[in-house]
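Read off the chains here:
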Amino acid sequence: MTLLDLWLSRSIPMCLLLQSLVLMALCFPSASMCPKGCSCLRDPHLHGLNVTCSQSRLKEIPPNLPVDTVLLRLDHNQIGAVPDQAFRGLRLLRELNLSYNAVETLGEGSFSGIEGTLQVLDLSHNRITSVHRDAFARLKARIIVDDNPWHCDCALQQAIGGMAHNHEAAARVLCRSSELLDQEGRPFLAVDTDLCNLAKRTTDYAMLVTMFGWFAMVISYVVYYVRQNQEDARRHLEYLKSLPSKPKKPDDADDISTVV
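Because the structure is a prediction, the values reported are computed rather than measured. (Residues numbered from 1 in each chain as written. Predicted model: local features only at pLDDT ≥ 70, side-chain atom pairs only at ≥ 80, totals over all residues. Heavy atoms only, no water.)

Novice: Looking at this structure, I do not really get the state of the cysteines. What am I missing?
Specialist: Working definition: the covalent bond between the sulfur atoms of two cysteines is a disulfide. A complete count under the given rule lists four disulfides for this structure. The partner cysteine of C38 in its disulfide is C53, sulfur to sulfur 2.0 Å. Disulfide C38-C53: the torsion about the S-S bond is 110°, which places it as right-handed. In this pair, C38 is assigned in the loop between α1 (3–27) and β1 (39–43) and C53 in the loop between β2 (48–52) and β3 (69–73), connecting sequence segments 15 residues apart. Residue C38 shares its accessibility class with C53, and that shared class is buried. Residue pairing for C152: its cysteine sulfur links by disulfide to C175, the two sulfurs lying 2.0 Å apart. Here the disulfide of C152 and C175 is left-handed, its torsion about the S-S bond being about -100°. With C152 in strand β9 (residues 150–152) and C175 in strand β10 (residues 175–178), the pair connects residues that are 23 residues apart, well separated along the chain. Judged by its relative accessible area of 0%, C152 is buried. The exposure class assigned to C175 is buried, which follows from its relative accessible area of 1%. (Disulfide = S-S within 2.5 Å. Helix = DSSP H or I, 4+ residues; strand = E, 2+ residues; numbered from the N terminus. Buried < 20%, exposed > 50% of the residue type's maximum accessible area, 1.4 Å probe, protein only.)

Following this line, the structure appears as structure tokens:
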């Protein structure tokens, strides 16, 4: 065996080993890239990572998620809030599953940065009662919002108005509570009242009642002040009447006699 043959015989296994390591690095990202409690698998068909953090007892959205995350599953955890710009760096994200958590409200920037790529957003089975009026305004994704204790008010009506392309999702919003008592337990789309104008009218009415209350207080004080002064004046007059008349001096009587 020549030296060339010997070198080739040792190089070929080394090349195969290097190729295997490269493939493993591509298919299984390093532990430092994947959040604790999650699994990160690279799917060649998705051209990105499938990050699964389901049932990991998470109480908040993991920081430093891989930037090439395409599918992100955060379902069946204890996440209570979605901070503004929580997913801003995930420019490839297509599907986000936040179902079966404890989210109570959504801000204006909860999904900032992923509006252009997100295709599916699952928010079902949470505790969402209220959302910012622009929470869904720029999203084009299919949104799932079933089984949340919605409070139907002006902000929700504006947010639903921004979901014109999600009519099916909007139809599944049920009013757990409402500005209109007769709407509780009914689908939100059945509300045919402009809740924003209703809120404005309620505010105007409250201001009117407050102003009337202050006016009544001022009138009451003026009446009390006048009556109190009248009473004081009456007492002062009675006091003057009760004083004895001033007697005439003797000199004055003599002067009168002399004149006569």
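Novice: How do you make sense of the pairing of β1 when you look at a structure like this?
Specialist: Side-chain direction in a regular strand flips from residue to residue, so the side chains alternate between the two faces of the sheet. In this structure, β1 lies alongside β2, joined through five bridges in antiparallel fashion. By the bridge assignment, L41 is partnered in β2 with N50. (Pairing = 2+ DSSP bridges.)

Novice: I tried to follow the UniProt feature "domain: LRRNT" (unreviewed entry) in the chain on my own but got confused; where do I start?
Specialist: Within this structure's numbering, the places UniProt gives as "domain: LRRNT" (unreviewed entry) are residues 33–71. A distance of 15 Å separates the end C-alpha atoms of residues 33–71, which is 0% helix and 33% strand. (UniProt positions renumbered as here; feature names shortened; annotations may be inferred.)

Novice: Help me understand the side chain of E115 in this model?
Specialist: With respect to the secondary-structure elements, E115 resides in the loop between β5 (105–106) and β6 (120–122). Separated by 2.9 Å, the side chain of E115 and the backbone nitrogen of G113 make a polar contact. Residues within four places of E115 in sequence aside, it is in contact with R138, L139 and K140. (Polar contact = N/O pair within 3.5 Å; in protein donor to acceptor, adjacent residues only side chain to side chain. Contact = heavy atoms within 4.5 Å.)

Novice: I would appreciate a short explanation of unusual backbone geometry in the present structure.
Specialist: Outside of glycine, negative phi angles account for most residues, and trans bonds account for most peptide bonds. Here the phi dihedral of R57 falls at roughly 60°; this positive angle occurs in a residue that is not glycine. Tracing the sequence through the fold places R57 in the loop between β2 and β3. Under the relative-accessibility criterion, R57 is labelled exposed at 73%. Backbone geometry places Y100, a non-glycine residue, at a positive phi of 55°. In this structure, Y100 sits in the loop between β4 (95–97) and β5.

Novice: Can you help me understand the sheet that holds β6 in this one?
Specialist: Strand pairing within a sheet occurs via backbone hydrogen bonds; the two strands may be parallel or antiparallel. Sheet architecture is open: six strands sit in the order β1-β2-β3-β4-β6-β8, paired in mixed fashion. A single partner strand is all that each edge strand has here, and the edge strands are β1 and β8 (142–144). Ignoring which end each strand starts from, the neighbouring axes of this sheet average 15° apart. Relative to β6, β4 runs parallel, the two sharing three bridges. Bridging across to β6, N97 finds its partner in D122. (Axes fitted to C-alpha atoms, helices over the stretch in contact; angles between N-to-C directions.)

Novice: Even after reading the chapter, I still don't get the nonpolar core, so can you show me in this structure?
Specialist: Note on soluble globular proteins: their nonpolar side chains tend to be buried together. The biggest cluster of nonpolar side chains holds 45 residues, and the ones touching the most others in it are L74, F87, L96, L106, F111 and F136. Counting only elements with at least two residues in this core, the list comes to β2, β9, α2 (154–161) and α3 (167–171). Broken down by element, this core gets its largest block of residues, three residues, from α2. Not counting chain neighbours up to four residues away, the residues in contact with F111 comprise F87, L96, L98, L106, L121, L123, A135, F136 and L139. (Core = buried A, V, L, I, M, F, W, Y, C linked by side-chain atoms within 4.5 Å.)

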